[in-house]
Amino acid sequence: MAAELLKIEHLQKSYDSHVVLKNLSLFVDEGEVLVVVGPSGCGKSTLLRCINALEPVQGGRILLRGRDIHENEKNLPKLRQQIGMVFQSYELFPHKNIMDNIILAPIIVQKRKREEARQEAMELLARVGLENRANDFPRQLSGGQKQRVAIVRSLIMHPELLLFDEVTAALDPEMVREVLDVLLDLARQGRTMIIVTHEMQFARAVADRVVFLDKGKIVEESAPEAFFSRPQTERARRFLDTFSFETVRKSG
Amino acid sequence: MDIQVLRSYFPLFQTAAGLTVRLGAEGIFLALLVGLICAAVRYWKIPVFCQIASCYIEISRNTPLLIQLFFIYYGLPKVGIRTSPEICGVAGLAFLGGGYMAEAFRSGLEAVDSVQKESAFSLGLSKNQALLHVILPQAVSVSIPAILANVIFLLKETSVFSAVSLMDLMFTAKDLIGLYYSTTESLFLLVFFYLMILLPVSLLGTWVERRLRYAGFGT
């Protein structure tokens, strides 16, 4: 049995009177890839934001290696170093070039040597095929390239857990692939990841376990094969149906 | 207009311009500092300090500099604080300018998407690190036109320094007019020196603005 890295117990999250996450419990084992799917507005992104303590929660606990992440706000920067997060809109820093984007946190947060950080940044960039773009600015890169840089920027912190929040949702179809390939590569390396995505084929390929979320609750939780070919609930079935089309036959 | 008079007044105006520039620069530097602190305190919504900053900004922006100077110059000695006219001038400018600069910084800070902040947080940056390395550089580039307008405005406001017996440009002009009735020459030199001070600032600002625009913003 792999050790439990993340454990969420009875999480409650609401904005004013609007409840987003209802009594949600979840765990992620070390080395596991958890894919979260569900209709928009079901609370997927909010869940990731709670795990990274970007949102205050109204109840329950989120434990990373047994430590409550909301226990002490002073510890948050330290804790967030262990959790990498990649956003839908990349969020590279527009005033810094690619290299400086990547080595900012290693240098000022982890106090690493500039040369050593640069070296690792170059290795990571090479792994995603962007070693020749280190001196460019984010605006010179395509969406897919920016997202790969964003992934490198979180990897260099050596996080134990990676969160991906619909990282391909803002990309043109032909760029989706290059980003998903990076994620697949990370999965092969045995990284622990929580991936929120609308790419069902990809979800099926990368997931160790799929969680289907609707209206702030876990409706279904199972192995990818089981989920995608034999969903247990009517709600999940209807959701998956929205991704398939019947051939249009024009009469006339 | 008498060239001979212009020539003899020139050194007097030169000295006065030096004072205007020096006090103006000191006041503006402090105003930027005060403005930045106020803007940061309001950005992070730090309780109590945030309200104090808001009050201060409203007071500083909604009272004339002349009244603020009178308060400092005539008012403070009544509670036992004695200062030189120079310190009064600089303090007055910083007090007035701080409010304006705070608002200029605020507009820039608000223009930076909050996900940028979260992105910095998720990399483990503290609030101060995120502000310093990620948010502020982007905010300042947005604020530059407003900051520059404030700098020019504050430099022009130094003309009321003469009211607390500082021998600035305005004081010199009024003095010479009063003594020798050389109105034309004095006013000519007054305008000339203000332009000499302000035009380069204005041009420099436009240049900085353009450079920052090119420095790679917009995704």
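Look up a bit, the structure's there.
Residues numbered from 1 in each chain as written. Chains lettered and ligands numbered in written order. Predicted model: local features only at pLDDT ≥ 70, side-chain atom pairs only at ≥ 80, totals over all residues. Heavy atoms only, no water.

Chemist: Explain the packing of aromatic side chains to me, and be specific about the residues and the numbers.
Modeler: Within this structure, the stated rule accounts for 14 aromatic pairs over all chains. Aromatic pair Phe-227 of chain A and Phe-228 of chain A: ring centres 5.1 Å apart, planes at 85°, arrangement edge-to-face. The exposure class of Phe-227 of chain A is buried, given its relative accessible area of 0%. Here the aromatic rings of Phe-10 of chain B and Phe-193 of chain B are separated by 5.2 Å at their centres, their planes lie at 50°, and the arrangement is tilted. Here Phe-193 of chain B lies in helix α8 (residues 183-214) and Phe-10 of chain B lies in helix α1 (residues 3-43), a separation of 183 residues in the sequence. By relative accessible area, Phe-10 of chain B is classed as partly exposed at 31%. With a relative accessible area of 7%, Phe-193 of chain B lands in the buried category. (Phe/Tyr/Trp six-rings, centres within 6.5 Å; stacked < 30°, edge-to-face > 60°. Buried < 20%, exposed > 50% of the residue type's maximum accessible area, 1.4 Å probe, protein only. Helix = DSSP H or I, 4+ residues; strand = E, 2+ residues; numbered from the N terminus.)

Chemist: I'd like a description of the environment of Val-35 of chain A, backed by residues and values.
Modeler: Residues and elements named next belong to chain A. By the element assignment, Val-35 lies in strand β3 (residues 33-37). For Val-35, a relative accessible area of 0% gives the class buried. With 129 residues separating them in the primary sequence, Val-35 and Phe-164 have C-alpha atoms 9.4 Å apart. In contact with Val-35, other than residues within four places in its own chain, are Ile-195, Thr-197, Ala-203, Val-206, Ala-207, Arg-209, Val-210 and Val-211. (Contact = heavy atoms within 4.5 Å.)

Chemist: Hey, could you go over the layout of surface pockets for me, with residue numbers and the actual values?
Modeler: Here the largest pocket defines a volume of roughly 650 Å³. If you go around the largest pocket, you meet 22 residues; those closest to its centre are Glu-73, Leu-76 and Arg-80 of chain A together with Phe-121 and Lys-127 of chain B. Only α2 (76-81) of chain A together with α5 (114-122) and α6 (127-157) of chain B provide two or more residues apiece to the lining of the largest pocket. Broken down by class, the residue content of the lining of the largest pocket amounts to 10 nonpolar, 4 polar and 8 charged. (1 Å grid on protein atoms, 1.4 Å probe; cavity = no way out; pocket = protein on both sides within 12 Å on 5 of 7 lines; lining within 4 Å. Points joined across faces, edges and corners; volume = space filled by probe spheres on them. Nonpolar A, V, L, I, M, F, W, Y, C, P; charged D, E, K, R; others polar.)

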